[in-house]
Amino acid sequence: MTTDFEPQKTCDLDVRVWDQLLGRYVRAGRVAYATWQNRDQEPLAAWILAQSQVNHGELTPDQALAFWINLYNALTIQAVLDQYPIASIFPKVLGIPDFIQFLRFFQKPRWRSGDRTYSLNQIEHGILRPHYPDPRLHFALVCASVGCPWLRSQAYTPERVQSQLSEEADRFIHNPSKVLYDPTRHQLHLSPIFRWYRRDFEAAAGSVIAYLQPYLQLPGTSLQTLSIRYLPYDWGLNQRIS
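Thresholds, definitions, all that
Residues numbered from 1 in each chain as written. Predicted model: local features only at pLDDT ≥ 70, side-chain atom pairs only at ≥ 80, totals over all residues. Heavy atoms only, no water. Pairing = 2+ DSSP bridges. Helix = DSSP H or I, 4+ residues; strand = E, 2+ residues; numbered from the N terminus. Buried < 20%, exposed > 50% of the residue type's maximum accessible area, 1.4 Å probe, protein only. Contact = heavy atoms within 4.5 Å. Core = buried A, V, L, I, M, F, W, Y, C linked by side-chain atoms within 4.5 Å. 1 Å grid on protein atoms, 1.4 Å probe; cavity = no way out; pocket = protein on both sides within 12 Å on 5 of 7 lines; lining within 4 Å. Points joined across faces, edges and corners; volume = space filled by probe spheres on them. Nonpolar A, V, L, I, M, F, W, Y, C, P; charged D, E, K, R; others polar. Axes fitted to C-alpha atoms, helices over the stretch in contact; angles between N-to-C directions. Salt bridge = Lys/Arg side-chain N within 4 Å of Asp/Glu carboxyl O. Left-handed = near helix turned anticlockwise from the far one by under 90°.

A.B. asks: I'd love a proper account of the pairing of strand S7 (residues 179-182), names of residues and values included.
C.D. replies: Where S7 meets strand S8 (residues 187-190), 4 bridges bridge the pair, whose relative direction is antiparallel. Each bridged residue has a counterpart across the sheet, and for Val 179 the counterpart in S8 is Leu 190.

A.B. asks: Outline the side chain of Thr 157, listing residues and values.
C.D. replies: Note that Thr 157 resides in the loop between helix H6 (120-131) and helix H7 (161-173). Judged by its relative accessible area of 19%, Thr 157 is buried. Not counting chain neighbours up to four residues away, the residues in contact with Thr 157 comprise Val 15, Ala 66 and Gln 164.

A.B. asks: Requested: an account of the nonpolar core, with residues and values cited.
C.D. replies: One finds Trp 68 and Phe 194 to be the most contacted residues of the largest nonpolar core, which totals 76 residues. For this core, the element with the highest residue contribution is helix H4 (residues 61-83), accounting for 14 residues. Phe 194 has contacts with Phe 139, Phe 172, Ile 173, Val 179, Phe 201, Val 208, Leu 212 and Tyr 230, leaving out every residue within four places of it along the chain.

A.B. asks: Explain the pairing of S8 to me, and be specific about the residues and the numbers.
C.D. replies: Alternating residues of S8 divide into Gln 187 and His 189 and Leu 188 and Leu 190, and every residue in both groups is buried. Hairpin connection of S7 to S8: 4 residues between the antiparallel strands, including His 186 at a positive phi of 55°. The pairing of S8 with strand S9 (residues 227-230) spans 4 bridges and is parallel. Counted as the bridge partner of Leu 190 is Tyr 230 from S9.

A.B. asks: Before we move on, could you go through empty space enclosed by the protein and cite the residues and values that matter?
C.D. replies: Using the criterion set out here, one finds 3 cavities of 30 Å³ or more in the structure. One number sums up the size of the largest cavity: a volume of about 50 Å³. A class-by-class count of the residues in the lining of the largest cavity yields 8 nonpolar, 3 polar and 1 charged.

A.B. asks: With reference to specific residues and values, describe the sheet that holds S7.
C.D. replies: An order of S7-S8-S9 is seen for the 3 strands of this open sheet, with the pairing classed as mixed. Bordering the open sheet on either side are S7 and S9, each of which pairs with just one other strand. Mean inter-strand twist for the sheet, computed between neighbouring axes without regard to direction, equals 20°. Packed onto the sheet, helix H10 (residues 208-216) meets S7, S8 and S9 and runs at close to 95° relative to S8.

A.B. asks: I'd like a rundown of the pattern of salt bridges, residues and numbers included.
C.D. replies: Applying the stated criterion to the full structure yields 9 salt bridges. The salt bridge involving Asp 14 is made with Arg 16; its shortest N-O contact spans 2.6 Å. Close ionic contact of Glu 168 with Arg 152 constitutes a salt bridge, the shortest N to O distance being 2.7 Å. On the criterion of sequence distance, the pair formed by Glu 168 in helix H7 and Arg 152 in the loop between H6 and H7 is long-range, its members being 16 residues apart. The residues Glu 168 and Arg 152 share a single accessibility class, namely buried. Linked by salt bridges that have partners in common, Arg 152, Arg 160, Glu 167, Glu 168 and Arg 171 make up one network.

A.B. asks: Kindly report on the packing of helix H1 (residues 16-25) against helix H3 (residues 41-50), identifying the contributing residues and their values.
C.D. replies: Viewed as axis vectors pointing N to C, H1 and H3 meet at an angle of 145°, and their least axial separation amounts to 9 Å. The element H1 and its partner H3 pack so that their crossing is left-handed. For the pair H1 and H3, contact is made by Val 17, Trp 18 and Leu 21 and by Pro 43, Leu 44 and Trp 47, respectively.

A.B. asks: Please give an account of the layout of surface pockets that cites residues and values.
C.D. replies: As a volume, the largest pocket reaches approximately 320 Å³. In this structure, the largest pocket is lined by 18 residues; those nearest its centre are Phe 106, Glu 124, Cys 143, Trp 196 and Tyr 197. For the lining of the largest pocket, the elements supplying multiple residues, two or more each, are helix H5 (99-107), H6 and helix H8 (193-196). Grouping the amino acids of the lining of the largest pocket by side-chain chemistry returns 14 nonpolar, 3 polar and 1 charged. When its volume is computed, the second largest pocket comes out at roughly 180 Å³. Taken together, Ala 79, Asp 82, Gln 83, Ile 86, Ser 88, Ile 89, Pro 91, Gln 101, Arg 104, Phe 105, Lys 108 and Arg 110 form the lining of the second largest pocket. Breaking the lining of the second largest pocket down by element, the ones donating at least two residues are H4 and H5.

In structure tokens form, the structure reads like this:
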């Protein structure tokens with residue numbers, strides 16, 4: 001295990017260790033899980049534990065966004081490292097998808113603060129989406145799968161969280177494996193994320209197409225006739241070999 005991480009002097013939104021770990025093990029959205037597991041599981045666990053000392057009820061909106069996004073992604077990484085090697089968070093048994101294990105990944109309590117425990121689902125659907133209704137969240141929360149957004153190689157910070165969210169939205173929407181416009185058929189091929197969270201995009205812009213319009217500069221005169229097709233979702237682990 002490496003020991004060159006600076007000790008935290010305060011637990012108040014100190015993301016230095018998390019930022020260092022991301023910079024060390026994440027490249028182009030892919031994670032070197034094997035190396036991370038062998039070298040630096042303990043610093044990650046210690047950083048996650050330290051977040052329980054943050055008084056998250058008194059954070060400003062941008063502080064809270066950065067805090068909960070970082071925590072969600074860190075808990076996801078930790079959950080994978082605890083099980084690694086795995087091929088997917090959505091395993092198959094004899095070729096049949098194991099929905100129980102899949103649901104457990106998101107519903108299992110993974111973090112305690114005071115007398116409350118939190119699962120990934122509680123962070124995403126109980127805290128972030130209701131209290132910080134911003135569809136860009138869906139480009140920042142990473143479920144350790146190829147089909148999900150890229151994991152940033154830097155931590156989210158309160159000072160930059162708004163620009164970081166915009167960067168991830170732009171990166172996701174301009175990734176042809178997630179969003180692809182076919183002008184010959186006048187079709188949009190979209191990640192299922194836009195179907196699963198359709199109401200969030202509609203609340204922000206009126207429709208999924210209207211939300212994407214500023215990014216893609218789709219032909220406005222024929223938006224009403226634009227058809228949507230959804231791409232397959234790749235549940236394979238977002239790992240890289242290092």
